[in-house]
Amino acid sequence: MSGPLVLAIESSCDETGIAVVEGGRRIHANVVASQTALHASAGGIVPEVAARAHLRWIVPVLDEALADAGVTPRDADAIAVTYGPGLAGSLLVGINFAKALALVHDRPLIGVNHLEGHLYAAWLLDPGEAEREEPVFPLVALIVSGGHTFLVEMTDHLTYRLLGQTVDDAAGEAFDKVGRLLGLSYPGGPAIQRAAEAATSRDAVFPRAWLPGTYDFSFSGLKTAARRIVDEARRAEGLDDPDVSLSGATTAELAFGFQDSVADVLVTKAIRAAEEIGARSIVLGGGVAANSVLRSRLAEAADARGVPLIVPRPGLCTDNGAMIGAAGARRFMAGERAGFDLDARPSLPLARPVVGAT
Ligand code: KG4
Ligand code: ZN
């Protein structure tokens, strides 16, 4: 493989990720320090705690990534960093660190949109992995995580058309909130998936917010319905004490019903979009893409239409530096450079980059 060697930094939320990626595809190193355990007791991410943890971990994560790849920052053709969207304090740690590296080692700086990082995870190859086909344009990508839920069309590199997005909660956020209602551990996504696997009854029916005529999503009504359904189930089991959990069987049934509703809406809209634009590939990404029911249903539906589905392995679906390196290389190759005035953009939308500007 050839192409630029990019040292990439991701710190937008609760993972400190640093990677070395060649040609926008081949991973040479990809180190992620996750803060999940740190935020578990709060049941969600505490921004102040997240920023401090990035500060604590960013140097050891860099050292490990450079050692894994066997390079120094001077070997990199560019330093890429996420500058939005995300938590301001967390973003600033990564941005300032990237600026310092770029300045000290005289390397160009590239600002990367975190959302396009999730899209470009579909291009990544692990260190020893055999070459495989790249995603083919036009493609439809469904990105579902704790912070984002959107459907986008890509007609070319760095060219995005937002088809739809959540109008309220992200899908992962809904998993986390309903996980808490069911008394499951944080994060709720993997816990709900595990609980649902044990379901023997599939009777619990959760609503679907179809938002007809749009590719937008809504999960807040589902969360409210989940609260009502959990309360009814608790009454049926005669549970007054809030510290006592529902029976395992009921928890499994409700976890299954909720997961079924989320997967149904996501898969239906993604497939409809793919059909409408004549997509030649479908990409699934973000932390919720780790969900086995969502993956298998989308795979089945894509397969039935003869459209290849690309889902990065779970470690590349959740936040990591490699995806920023993949997107950063594309921006670098397009001639884009960031100035040292690069600032955090907590609400940065997904849009085509302007060459030469930041
Ligand atoms: O992409 P990610 O690591 O961080 C964000 O950018 O948000 O996604 C984390 C989200 C959490 O909400 C978590 O509950 C969800 O992904 N998640 C899952 C699964 N694994 C992680 N949701 C459903 N099923 C899973 N197996
Ligand atoms: Zn993310």
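Quick summary incoming for the structure in this document. What you see is a predicted model; the values in this text were computed from it and never measured. (Residues numbered from 1 in each chain as written. Chains lettered and ligands numbered in written order. Predicted model: local features only at pLDDT ≥ 70, side-chain atom pairs only at ≥ 80, totals over all residues. Heavy atoms only, no water.)

**Concerning a nonpolar patch on the surface**
Moving on, step 1. On the surface, a nonpolar cluster with roughly 210 Å² of combined accessible area is contributed by Leu38, Val46 and Val49.
Moving on, step 2. With respect to the helices and strands, the residue Val46 is situated in the loop between α1 (36-40) and α2 (47-69).
Moving on, step 3. Residue Val46 is classed as partly exposed on the basis of its relative accessible area of 31%. (Patch = residues over 30% accessible without salt bridge, like charges linked within 9 Å, V, L, I, M, F, W, Y side chains within 5 Å. Areas by Shrake-Rupley, 256 points an atom, 1.4 Å probe, with all protein chains shown as cover. Salt bridge = Lys/Arg side-chain N within 4 Å of Asp/Glu carboxyl O. Helix = DSSP H or I, 4+ residues; strand = E, 2+ residues; numbered from the N terminus. Buried < 20%, exposed > 50% of the residue type's maximum accessible area, 1.4 Å probe, protein only.)

**So, the sheet that holds strand β5 (residues 109-113)**
Moving on, step 1. Ordered by their spatial adjacency, 5 strands build an open sheet running β3-β2-β1-β4-β5, and the pairing between neighbours is mixed. Of all strands in the sheet, those with a lone pairing partner are β3 (26-34) and β5, marking the two edges. With direction set aside, neighbouring strand axes in the sheet form an average angle of 20°.
Moving on, step 2. As paired elements, strand β1 (residues 5-10) and strand β4 (residues 78-84) share 4 bridges and run parallel to each other. Note on β4: the bridge partner recorded for Ala8 is Ala80.
Moving on, step 3. Taken strand by strand, helix α3 (residues 88-104) contacts β1, β2 (15-22), β4 and β5, and its axis lies near 160° from that of β4. (Pairing = 2+ DSSP bridges. Axes fitted to C-alpha atoms, helices over the stretch in contact; angles between N-to-C directions. Contact = heavy atoms within 4.5 Å.)

**Topic: the coordination of the zinc ion (ligand 2)**
Moving on, step 1. Here the zinc ion (ligand 2) is held by His114 (NE2), His118 (NE2) and Asp319 (OD), and the distances to it run 2.1 to 2.2 Å.
Moving on, step 2. What the 4 donor atoms of the zinc ion (ligand 2) show is an angle range of 87 to 137° at the metal, which sorts the shape as irregular.
Moving on, step 3. Each donor residue of the zinc ion (ligand 2) belongs to the same chain, and together they define the spacing H-x3-H-x200-D. On the criterion of helical spacing, the pair formed by His114 and His118 is a turn pair, its members being 4 residues apart in helix α4 (residues 114-120). (Donors = N, O, S within 2.8 Å, 3.2 Å for Na, K, Ca; no water. Tetrahedral: all angles 85-135°; square planar, octahedral: opposite > 155°, others 65-115°.)

**Section: the side chain of Asp169**
Moving on, step 1. In this fold, Asp169 is placed in the loop between β8 (159-165) and α5 (171-181).
Moving on, step 2. Among the polar contacts made by the side chain of Asp169, one reaches the side chain of Lys177 at a distance of 3.5 Å.
Moving on, step 3. Within the local environment of Asp169, its side chain forms a polar contact with the side chain of Lys223, the two groups lying 3.0 Å apart.
Moving on, step 4. When near neighbours in sequence (up to four residues on either side) are disregarded, Asp169 contacts Lys177, Phe219, Ser220 and Lys223. (Polar contact = N/O pair within 3.5 Å; in protein donor to acceptor, adjacent residues only side chain to side chain.)

**Thoughts on the pairing of strand β9 (residues 281-285)**
The two faces of the sheet receive side chains in turn, since in a regular strand these alternate between them.
Moving on, step 1. Burial runs high along β9: 5 of the 5 residues are buried.
Moving on, step 2. What you see with β9 is no split at all: Ser281, Val283 and Gly285 on one side and Ile282 and Leu284 on the other are buried throughout.
Moving on, step 3. Sheet topology note: the strand β6 (residues 139-144)/β9 ladder contains 5 bridges and is parallel. Bridge assignment links Ile143 to a residue of β9, and that residue is Gly285.
Moving on, step 4. Where β9 and strand β10 (residues 309-310) come together, 2 bridges link them in parallel fashion. Residue pairing for β10: Ile282 is matched across the bridge by Leu309.
Moving on, step 5. Once the chain exits β9 it traverses helix α9 (residues 292-304) before rejoining the sheet at β10, and the crossover so formed is right-handed. (Right-handed = clockwise from strand over helix to strand, strands pointing away.)

**Comments concerning the packing of α2 against α3**
Moving on, step 1. Two numbers describe how α2 lies on α3: the axes approach to 8 Å, and their chain directions differ by 30°. As the angle between them shows, α2 and α3 are arranged roughly parallel. You can see that α2 and α3 cross each other, and the crossing is right-handed. Here Ala50, Ala51, His54, Leu55, Ile58, Val59 and Leu62 of α2 come into contact with α3, specifically with Gly89, Ser90, Val93, Gly94, Phe97 and Leu101. (Parallel < 35°, antiparallel > 145°, perpendicular 65-115°, else oblique. Left-handed = near helix turned anticlockwise from the far one by under 90°.)

**Looking at the packing of aromatic side chains**
Moving on, step 1. Inspection of the entire model under this criterion finds 5 aromatic pairs.
Moving on, step 2. Seen from their ring centres, Trp123 and Phe137 are 5.9 Å apart, and the 35° between their planes marks the pair as tilted. Taken together, the residues span a long stretch of sequence, with Trp123 in the loop between α4 and β6 and Phe137 in the loop between α4 and β6 at a distance of 14 residues. The residues Trp123 and Phe137 share a single accessibility class, namely buried.
Moving on, step 3. When the centroid spacing of 5.1 Å and the interplanar angle of 85° are considered together, the rings of Phe175 and Phe258 count as edge-to-face. Residue Phe175 is located in helix α5, and its partner Phe258 is located in helix α8 (residues 248-277); the two are separated by 83 residues in the primary sequence. Across this residue pair, the class does not change: Phe175 and Phe258 are buried. (Phe/Tyr/Trp six-rings, centres within 6.5 Å; stacked < 30°, edge-to-face > 60°.)

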